[in-house]
Amino acid sequence: MDFFNKITFIGLGLIGGSMAAALKRRGYKGEICGYDALPDSREEAKKMGIIDHGANTLQEAVAEAELVVLCTPIAAYPQILRKTAPFLRREAILTDVGSVKGCVGELVNQHVHRDIQFIGGHPMAGSEKGGLKAASATLFENAYYFLTPGQHTARETVTKLESFVKAIGAYPVVVGQREHDKITARISHIPHLAAVLLTNLLDHEGGINSVAFAGGGFRDTTRIASGNPAMWKDIFFYNKEEILLGIESLESMLKEFRELLKEKQEGKVLDLLNKAKFIRDGVPKGMPDYMPPLFDIVVDVEDRPGVLGELTRLIGENHMNIKEIEILHAREGEQGAVRMGFATAMEQKQAFSVLRGGGFPRTYMKGEKNDAYSESC
Ligand SMILES: NC(=O)c1ccc[n+]([C@@H]2O[C@H](COP(=O)([O-])OP(=O)(O)OC[C@H]3O[C@@H](n4cnc5c(N)ncnc54)[C@H](O)[C@@H]3O)[C@@H](O)[C@H]2O)c1
Ligand SMILES: O=C(O)C(=O)C[C@]1(C(=O)O)C=C[C@@H](O)C=C1
């Protein structure tokens, strides 16, 4: 990363703010400059210490920058590119974080001189919460980060951006722009559409009042529907072709399911459910080349204040590092479960004995709990 003396983030919201924070946290020594259309965000980012300099204009922001990262909604790119293109250094690298990549390649070709090295980017990490307040230095840790070089992107540019991605804690994955849009339609955009429709279904069916009773199922499948509506509207239109294909598939799958139910085809319905379980259970294991597997334990805990603190304190005091933590099916006034992922099998075993011996008898190694449950069913 020494090859970038100055990095500029245009857009200091969730993604731009998190990137700047990650670089600072991980000891980047160069200058970090930030620009945002909202002057308050520039000032706040400076106060938080995640940027060294808040630029007042786009021209000032990109001057001398060796890497410029566009972190605004894609809809703002044409205006930003028009204003910055004449002031980019000839040797500068330009990248972005937009959720669709084919359209971005086209926009850059229209507005930016071919001498400027451009490579699209897209971190597969985010949140339904936007803005600088939601930014986090650890947002990209262990996340995949797509890089989509164009026709004119030099190998050296790809290598430099791979270093940048690793410097914020993520795993770079190089793919074509169109391929990216196909993949993300399936793993992000169509799931988002499904979450939106499932949420609106409540209203459609006149069941809006029952939302108060929602347990883990509804919450898990619809969390992302709280995402920024303007950002998601853009994503659907910029990736329209792939979204339309996804909708066609969904329509035919729903139709098929309806027929199976009507015709009481229990075996086929069960096949379908088994297939989904098989695919879903395999999600973390599906990409071992990029993402190191985690060794999980699951702890059944009471739903009471301080319980998470007790768990993490026990782990910390015993010098173990939790790589991933997730609350499963939390229900008020009842029991919940906490899943923790560790980097090694040894840590997993150690955590298991520390927690069982430390007041959490219902601690299970991954797999053990499911087996125990299925025996009792
Ligand atoms: N939110 C996610 O989960 C996520 C994940 C990966 C990628 N992305 C992509 O990242 C980009 C930013 O998303 P975000 O979640 O950080 O949004 P955000 O709303 O949190 O931040 C966007 C920032 O850009 C600023 N901005 C808007 N127009 C501008 C302009 N013309 N000039 C300068 N600043 C401007 C806004 O003031 C805001 O601070 C989007 O293109 C999105 O597709 C989002
Ligand atoms: O976890 C979330 O809240 C997200 O919505 C993140 C998520 C996704 O995984 O679909 C959403 C859109 C981005 O382009 C990348 C990541």
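These numbers were taken from a predicted model, which means no experiment stands behind them.

Rules used throughout
- Residues numbered from 1 in each chain as written.
- Chains lettered and ligands numbered in written order.
- Predicted model: local features only at pLDDT ≥ 70, side-chain atom pairs only at ≥ 80, totals over all residues.
- Heavy atoms only, no water.
- Helix = DSSP H or I, 4+ residues; strand = E, 2+ residues; numbered from the N terminus.
- Rg over C-alpha atoms; globule rule 2.2 N^0.38 Å.
- Buried < 20%, exposed > 50% of the residue type's maximum accessible area, 1.4 Å probe, protein only.
- Contact = heavy atoms within 4.5 Å.
- Areas by Shrake-Rupley, 256 points an atom, 1.4 Å probe, with all protein chains shown as cover.
- Lys, Arg positive; Asp, Glu negative; His and termini not counted.
- Charge placed at Lys NZ, Arg CZ, Asp CG, Glu CD.
- Salt bridge = Lys/Arg side-chain N within 4 Å of Asp/Glu carboxyl O.
- Domains from an automatic or database assignment.
- Near = heavy atom within 4 Å.
- Polar contact = N/O pair within 3.5 Å; in protein donor to acceptor, adjacent residues only side chain to side chain.
- Nonpolar A, V, L, I, M, F, W, Y, C, P; charged D, E, K, R; others polar.

Observations regarding the overall build of the chain
Counting its secondary structure elements, the chain contains 14 helices and 12 strands. In summary, the chain has a C-alpha radius of gyration of 23 Å against a globular reference of 21 Å for 377 residues, a match within 12%. Seen through its principal axes, the chain has C-alpha atoms that stretch 70 × 55 × 40 Å. The 377 residues of the chain split such that 42% are buried. By sequence separation, contacts in the chain at least 24 residues apart represent 71% of the contacts at least 6 residues apart. Accessible area of the chain: about 21200 Å², with a carbon and sulfur share of 55%. If you average the places of the 45 positive and of the 49 negative side-chain charges in the chain, the two averages end up 2 Å apart.

Overview of the pattern of salt bridges
One pass over the full model with this rule turns up 22 salt bridges. The partner of Asp52 in a salt bridge is Lys24, with the nearest N and O atoms 2.8 Å apart. Here Lys24 lies in helix 1 (residues 14-25) and Asp52 lies in the loop between helix 2 (39-48) and strand 3 (53-54), a separation of 28 residues in the sequence. Arg89 is the partner of Glu91 in a salt bridge, and the nearest nitrogen-oxygen pair spans 3.0 Å.

Considering the domain arrangement of the chain
As assigned here, the chain comprises domain 1 (6-175), domain 2 (180-284) and domain 3 (295-376). Taking only C-alpha atoms, the centre of domain 2 and the centre of domain 3 are 30 Å apart.

A look at the site of ligand 2
Neighbouring ligand 2 are Ser99, His122, Pro123, Ala125, Gly126, Ser127, Glu128, Ser188, Arg223, Ile224 and Trp232. With respect to ligand 2, the side chain of Ser99 contributes an N or O atom lying 2.7 Å from an oxygen atom. At a separation of 2.8 Å, an oxygen atom of ligand 2 approaches a polar side-chain atom of Arg223. Bound to the protein, ligand 2 loses 82% of the 370 Å² it would expose on its own. Residues belonging to the shell around ligand 2 are distributed by class as follows: four nonpolar, five polar and two charged. A domain split of the shell around ligand 2 shows at least three residues from each of domain 1 (6-175) and domain 2 (180-284).

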